[in-house]
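Examination of the molecular architecture
Single-letter residue listing:
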Amino acid sequence: MPNNLTSPKMESFFACVLGQPRSIENSPDRVWSMKGKMKVGDQDCQSFQAYLHDQYEQIHGKKKPHQHGLPFLEEKIDDEYTGNVIFKFKRNEFKKNGDPWGAPIVKTADPNINWPQDKLIGNGSLVRVSFQISKWEMSGKAGISLRLQAVQVLKHVPYEADGSEVFKVEEEYIQDIPTDVGSVASTNPDITEEDLKF
C-alpha cells in the first residue's frame, strides 16, 4: 500500500473536500479535489517540485511524461505567468474494483479535532495536505497523480459563495433603482422578469 506523504504549507483553492464528491465535467465520475498554491521562488515549493520529479523517475524511469504527467504547473492568467505553482490533489469516489474510497479526512490545526463539515474552506486558506502518489500511463506516456487523503486547515479563510464581488457599477445602464429591495423587477418598462432570468 502506498505511503501517506505530507505537503508543505500552501494556500488552498477550489477545496471540494467536505461532504459528497463533485461531478467532473463531461464525465460520469465524481471526485473530491483541491488545488494548492505556492510561490515559484519559495524554497519549500522548489523542494516539493524536486521531490515529485524524483518520485516520477523512481516510478517510471526515463519514460517520457504525458503533457499532464506531473501534478503541478506554473499558473498562467491571460497568457501571463503569475509567479505561482499550482499543485493538484484528487480523490476518486470509487476504487478501480468498485469499492468506495470514502471522503478525505479534514482536521483543524490540532489534528485531534475534526474540521466542522458545515464550515466550507475558502480560497486562500492555509493548509497542509496528506496524499499518496499514484502512477498512470496513457497513449505510451506516463504520469503520477496526488491522491488526496486528508487536509489540515491551519488558517481559515471563509468561503464566499455569491460571486457578486466581481460586479462593478454600470452607470450607463442605471435609470432607476427599485425602492423595494426585496424585488428583482426592474423599473425600466423595457425590461421584463424574463429578461432578468439567467
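Residues numbered from 1 in each chain as written. Predicted model: local features only at pLDDT ≥ 70, side-chain atom pairs only at ≥ 80, totals over all residues. Heavy atoms only, no water.

**A look at the overall build of the chain**
In terms of helices and strands, the chain carries two helices and nine strands. Of the regular secondary structure in the chain, the N- to C-terminal order runs β-β-β-β-α-β-β-β-β-β-α. Of the roughly 13,700 Å² of accessible surface on the chain, 51% is carried by carbon and sulfur atoms. (Helix = DSSP H or I, 4+ residues; strand = E, 2+ residues; numbered from the N terminus. Areas by Shrake-Rupley, 256 points an atom, 1.4 Å probe, with all protein chains shown as cover.)

**Observations concerning the packing of aromatic side chains**
If you walk through the whole model with that rule in mind, you get four aromatic pairs. Seen in terms of ring centroids, phenylalanine 72 and phenylalanine 87 are 5.6 Å apart; in terms of plane orientation they differ by 45 degrees. Their pairing is tilted. Residue phenylalanine 72 is located in strand E5 (residues 72-77), and its partner phenylalanine 87 is located in strand E6 (residues 80-92); the two are separated by 15 residues in the primary sequence. We classify phenylalanine 87 as buried; its relative accessible area is 0%. (Phe/Tyr/Trp six-rings, centres within 6.5 Å; stacked < 30°, edge-to-face > 60°. Buried < 20%, exposed > 50% of the residue type's maximum accessible area, 1.4 Å probe, protein only.)

**Quick notes on the pairing of E6**
Strand direction decides the pairing type here: strand E4 (residues 30-39) and E6, joined by nine bridges, are antiparallel. The residue bridging methionine 38 from the neighbouring strand is valine 85, located in E6. As paired strands, E5 and E6 are joined by five bridges and run antiparallel to one another. Considered in E6, the bridge of isoleucine 77 is made with glutamate 80. Sheet topology note: the E6/strand E9 (residues 141-155) ladder contains two bridges and is parallel. Across the sheet, residue phenylalanine 89 finds its bridge partner in E9, namely leucine 146. (Pairing = 2+ DSSP bridges.)

**A short note on the pattern of salt bridges**
Scanning the model with the defined rule gives three salt bridges in all. Of the charged contacts, one joins glutamate 93 and arginine 30 as a salt bridge, the two residues approaching to 2.9 Å between their closest N and O atoms. Here arginine 30 lies in strand E4 and glutamate 93 lies in the loop between E6 and strand E7 (105-107), a separation of 63 residues in the sequence. On the basis of relative accessibility, which here comes to 17%, the residue glutamate 93 falls in the buried class. The closest approach of N and O atoms between glutamate 137 and lysine 63, which form a salt bridge, is 3.1 Å. Of the two residues, glutamate 137 sits in strand E8 (residues 126-138) while lysine 63 sits in the loop between helix H1 (43-60) and E5, which places them 74 residues apart along the sequence. Judged by its relative accessible area of 33%, lysine 63 is partly exposed. (Salt bridge = Lys/Arg side-chain N within 4 Å of Asp/Glu carboxyl O.)

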